[in-house]
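# Descriptive analysis of the structure
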Amino acid sequence: MCAIQAAKRGRRVTVIEHNAQIGRKILISGGGRCNFTNLHTNAGHFLSANPHFAKSALARYTPHDFVATVERHAVRYHEKAAGQLFCDGSAREIVAMLQTECDAAGVRIETGRQVRSVARPESFELAIDDDLWRAESLVIASGGISVPKTGATPFGYEVAAQFGVRLVERRPALVPLTFGRDDLAKFGMLAGVSAEAAVRAGGRTFREKLLFTHRGLSGPAVLQASSYWKPAEAVEIDLLPGVDIERAMVSQRTRGERSQVRTLAAEWLPKRLADRWFEVQGESKPLAVTGDREIARISAALHGWRVTPAGTEGYDKAEVTAGGVDTAELSSQTMESRRMPGLYFIGEVVDVTGQLGGLNFQWAWASGFAAGQYA
């Protein structure tokens, strides 16, 4: 995106890609269909030490701008939920679209090239394989260190550190959480079970699917909450969001129902989860002999299950890397370094992390567009 915009201004632009092909992370996104943007994008859906930094770029290049390009290239797409747009076909269509835009603008793309060093005696000097390249402007769009199988490296952070650009501590985000030993023994056998839940961490609550895994918890609700979770803190899970289970239990008891409490809970929860939950809690008995205090306690436990994760599944399973280049070091208008004129940072390498649903792609397009107007 940055290269396209800069080339349209008449700049001579080369993209240096160390992978053998461009857009590897695009190709694996959205289950291979690329969740390329979110119609409801706004700065409130991003995590950053400076929550206002992303506003300028996001306002100047909107989801509708990217959709216009998608439609111009006749890429068919659909909205799944909450403004999330996916290709009807394959993520390869988005990569091909960007390649075509680069070709039309005269962008040169060099794949399979390794940057061995970067210097700035006067202009930027890059040792690329056995060649020496010089440039007036250098844009770092190297992403984070999540999903290393796509070729992710800490290159961008290393360049920032080399030129004295401050970094915010990095951590895996949008990542599954792992159980501690006790919780794993209690719930590890539920791997594969999913349920709608409201998961709260760091003051933010996300109501989506929760998935039990062999190591802990995943699913959209947990991935969202993981970006706000801090080690040693508890995550609070409402297993029955929107369900007044206390009222339901009292009502059935009043009618003289002889069924077990777990049987009632299984009307909303997967049976395996309901059975195991009440086995662990030791609370399952006939509703007819369950007192008001017990009912209140059961309800509170189902609506406020507190889990203290042992950690996360790390960068291998994280969709993005939180933290990165400190936004205080960059112009929000141009994405240029305040310390080193001509040096720009865009996309995931910057301390701007989106929630699930195409938001990180929209930040990539918007920050790339912003830098491309000036680089």
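The rules behind the values
Residues numbered from 1 in each chain as written. Predicted model: local features only at pLDDT ≥ 70, side-chain atom pairs only at ≥ 80, totals over all residues. Heavy atoms only, no water. 1 Å grid on protein atoms, 1.4 Å probe; cavity = no way out; pocket = protein on both sides within 12 Å on 5 of 7 lines; lining within 4 Å. Points joined across faces, edges and corners; volume = space filled by probe spheres on them. Nonpolar A, V, L, I, M, F, W, Y, C, P; charged D, E, K, R; others polar. Helix = DSSP H or I, 4+ residues; strand = E, 2+ residues; numbered from the N terminus. Buried < 20%, exposed > 50% of the residue type's maximum accessible area, 1.4 Å probe, protein only. Polar contact = N/O pair within 3.5 Å; in protein donor to acceptor, adjacent residues only side chain to side chain. Contact = heavy atoms within 4.5 Å.

## Topic: empty space enclosed by the protein
What the rule picks out here adds up to one cavity of 30 Å³ or more. Computed from the structure, the largest cavity encloses a volume of approximately 30 Å³. Every residue along the wall of the largest cavity is listed here: Ala43, Phe46, Ser48, Asn50, Pro51, Phe53, Ala54 and Val352. Here the lining of the largest cavity is composed, by residue class, of six nonpolar, two polar and no charged.

## Some words on the side chain of serine 226
By secondary structure assignment, the location of serine 226 is in helix H8 (residues 220–226). With a relative accessible area of 2%, serine 226 lands in the buried category. A polar contact is formed between the side chain of serine 226 and the backbone nitrogen of valine 175, at a distance of 2.9 Å. With residues up to four places along the chain from it excluded, the contact list for serine 226 reads Ala173, Leu174, Val175 and Leu177.

## Here's the deal with unusual backbone geometry
Note on backbone geometry: most residues besides glycine have negative phi, and most peptide bonds are trans. For alanine 82, which is not a glycine, the phi torsion comes out positive at approximately 50 degrees. Of note, alanine 82 is situated in the loop between strand S4 (77–79) and strand S5 (84–87). Looking at alanine 82, the relative accessible area reads 53%, which means it is exposed. Residue aspartate 129 is not a glycine yet carries a positive backbone phi of 55 degrees. The topology assignment puts aspartate 129 in the loop between strand S8 (124–128) and strand S9 (131–135). Judged by its relative accessible area of 24%, aspartate 129 falls in the partly exposed class.

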